[in-house]
Every structure is written in structure tokens, then in C-alpha cells.
Amino acid sequence: MYVDKEIKDSIGYIWLNRPRTNSLSHTLLEELLEAVTAFDAENEITAVVLSSRLPFGFSGGLDLGSFYVSGEHELTGSNVYKAVYLTFQINRKIVSSDKILIAVLSGPVIGSAASIAFSCDIRIADSGAWFWLPDPQYGGLLADGGLEMLTRHIGNSRACTLALTNDRINADRAFSMGLLYRLFNRENLQQEAVKLAKRISEYSKNTLSLSKKIINKNVLESFEDKMLKQVLVSEDMIKRLSDYTSVK
């Protein structure tokens, strides 16, 4: 089990817990999808807190090291496709859920892990959190809904600076861009997330869910299947992914 979940005081908690870096394997993504789906059906809860159990931070992104199989282009592409599509399913479930999801972010928030964070309704972080979308470097495509959510949050121009430059941004810059709701000290981060979840849980469930529905109208309606497959069949992706995983 790489994803832990529980309900306490009418708040849902989901923890990523895959040593050492919470890299997003197929199994972790399947468990996360199950957890989000299960909490969506729980009438008892209004808010869900998504965080990491590891001191490393939130997540190092897709487990590309295990997805890449030397000399097996088709298998490698299939592995990456499955992970990206699973992430899209998670993100679509998050944005369509009537629960309010709070992402608690520290350390690295990379690639598809950032996509999951962008899909949550509220994001809080500590000063050590940082974001990176490395797809241009390894020849992938963030077709999991992350680019769409990023653009909705910060606009086309700023989304381009993150998606196209391979830049890493720290928590202060993410906050100034509007990606983060609040910044807290690392030692207080989870406690502040719980306080926020409890406050939200005191409000009208009906108003919260319908407000979210209006905000997310027409979001993540379709998966960019053709574009992703175009990337995955390319020799460029295989070469870049081989170089990327050998360095990483």
C-alpha cells in the first residue's frame, strides 16, 4: 500500500507514502484514484486533505525510471501512457468531486504530481516547496490535465513560462503567481491544513459543492489522447527519456 487514507472528525485524509520519493507508479496512482473516489462517495465529509507522509516532500513525479525499458519502445510508451491516463482520471475525479480537496505541499512537486496539486481546490505549502514541469527535458507531454489546470490558475503567459522553459520555481514565486493559497512553516503545515479543513467543513456543503461545480464547469472534459500518442511513438522521447532516467 502506497496510499493511506482515513476519516477523522468528519475530515478525509489521504497520504502519499511510497519510499523514498513518492514517485508515481501505476500502483500508487491506482490506489490514489481509489481513495479519491471512495471519499467522493462519503456523505460524512466535506473536505479532504492530501499530503505526504515522507520527509522528502510531496512527490518526485512519475516513476519514469521503472516505466522506461531499454530497447522496448512500445512497452515504454505503454507504461507512460497508462500513468498519464491514470493521473488524468485522478484529476478529473478531483475537479468533479463535491468534496473540497486541500493539497499540502512541501519539498519537490514535480510533473504529474504538480498536476494533481493543481487539480486540488486549495493548495498550501511551506517555504521549501518547489515546482518543476520537466516534460520538455525528457520529451514527454503533461497531458494529464495539469497544463489545463495551470493555465486556468495563472493564465497563458505564466503557464508558458513554467511549461516551456523547464524552470523550477520556489514557493514564494508560486505564491506570487496565485498557485498557492497560503505559506506556512514546515512544522505547522499539516496542522494548518487541518484547521483549514475544519473551517471549510463548518460551511454549507450545498453551497461549497455547487460553487465548485460552477468554477470547474467544462474543465478536463477530454483526454489529449492523440497528442500524447504522437509524443510516445517518437524516437526523440525515447532518447531523451533514456538520458533523463540515467541522470535522475
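Everything that follows concerns the structure shown earlier in this document.
For the structure given in this document, a descriptive report is provided here. As a convention, each chain's residues are numbered from 1 in the sequence order in which they are written. Totals for whole chains, interfaces and linings use every residue, but because this is a predicted model, local features are given only for residues with pLDDT of at least 70 and side-chain atom pairs only at 80 or more, for both listing and counting. Excluded from the side-chain calculation are hydrogens and water; included are all heavy atoms of the structure.

## Describing the overall build of the chain
In step 1: Starting at the N terminus, helices and strands are each numbered in turn, a helix being any DSSP run of H or I of at least four residues and a strand any DSSP run of E of at least two. A tally of helices and strands in the chain yields 11 helices and 9 strands.
In step 2: When we talk radius of gyration, it's over C-alpha atoms, and the globule rule is simply 2.2 Å times the number of residues to the 0.38. Taking 248 residues into account, the globule formula puts the C-alpha radius of gyration at 18 Å, and the chain, at 17 Å, falls close to it.
In step 3: Expressed as lengths along the three principal axes of its C-alpha atoms, the size of the chain is roughly 55 × 35 × 35 Å.
In step 4: Three labels apply to residues, based on accessible area from a 1.4 Å probe with only protein chains included: buried if under 20% of the type maximum, exposed if over 50%, partly exposed otherwise in between. Burial analysis of the chain (248 residues in total) assigns 53% to the buried set.
In step 5: Only heavy atoms enter the contact rule, under which two residues are in contact if any of them lie within 4.5 Å. Contacts spanning at least 24 positions in sequence make up 74% of the contacts within the chain whose residues lie at least 6 apart.
In step 6: For every accessible area listed, the method is Shrake-Rupley and the probe measures 1.4 Å; residues are considered covered only by the protein chains on display. With the model as given, the accessible surface of the chain reaches about 11600 Å², and the carbon-plus-sulfur share is 49%.

## Concerning the side chain of N91
In step 1: Topologically, N91 is positioned in helix α3 (residues 73-96).
In step 2: Here N91 falls in the buried class, since its relative accessible area comes to 0%.
In step 3: Setting aside its immediate chain neighbours within four residues, N91 contacts S115, I116, S119, D144 and L220.

## Quick word on the pairing of strand β2 (residues 11-16)
In step 1: In terms of residue burial, β2 counts as a mostly covered element, since 6 of its 6 residues are buried.
In step 2: Neither face of β2 is exposed, since I11, Y13 and W15 on one face and G12, I14 and L16 on the opposite face are all buried.
In step 3: With 6 bridges connecting them, strand β1 (residues 3-8) and β2 associate as antiparallel partners. The partner of K5 across the bridge, within β2, is I14.
In step 4: One requirement defines pairing of two strands: DSSP has to find at least two bridges between them. Between the antiparallel neighbours β1 and β2 lie 2 residues, among them D9 with a positive phi of about 55°.
In step 5: Relative to strand β3 (residues 47-52), β2 runs parallel, the two sharing 6 bridges. Residue L16 lies in a different strand from β3, and its bridge partner there is S52.
In step 6: Think of it like this: strands point away, you trace from the first strand over the helix to the second, and a clockwise trace means the crossover is right-handed. Assessed by its sense of winding, the connection that carries the chain from β2 through helix α1 (residues 26-40) to β3 is right-handed.

## Some points on the sheet that holds β1
In step 1: One open sheet holds the 6 strands; their spatial order is β1-β2-β3-β4-β6-β9, and the pairing between them is mixed. With partners counted over all chains shown, the strands left at the sheet margins are β1 and β9 (182-184), one partner each. Strand-to-strand twist of the sheet, defined as the mean angle between neighbouring strand axes without regard to direction, takes the value 20°.
In step 2: Helix axes use the C-alpha atoms of the stretch in contact, all axes being lines fitted to C-alpha atoms, and the angles between their N-to-C directions lie in the range 0 to 180 degrees. Across the sheet, α1 lies against β1, β2 and β3, angled at about 15° from β1, the strand it touches most.
In step 3: Here helix α8 (residues 189-201) sits on the sheet and contacts β2, β3, β4 (100-105), β6 (122-126) and β9; the angle it forms with β4, its principal contact strand, is near 170°.

## Some points on unusual backbone geometry
In step 1: Put simply, P19 and R20 share a cis peptide bond, and its omega is 5°.
In step 2: A positive phi is found at N218, a non-glycine position, where the angle reads about 70°.
In step 3: Tracing the chain through its elements places N218 in the loop between α9 (205-215) and α10 (225-232).

## Looking at the environment of S59
In step 1: Note on placement: S59 falls in the loop between β3 and α2 (64-67).
In step 2: Given a relative accessible area of 0%, S59 falls into the buried group.
In step 3: Here the alpha-carbon distance between S59 and V109, two residues 50 residues apart in the chain, equals 5.4 Å.
In step 4: Residue contacts for S59: discarding those within four places in its chain leaves L16, T21, N22, S23, L24, P108, V109, I110 and A113.
In step 5: We define a polar contact as two N or O atoms separated by no more than 3.5 Å, with the added condition that, inside protein, one atom must be a possible hydrogen donor and the other a possible acceptor, whereas residues neighbouring each other in sequence contribute only through side-chain atom pairs. Within polar-contact distance, the side chain of S59 engages the backbone nitrogen of G61 at 3.1 Å.

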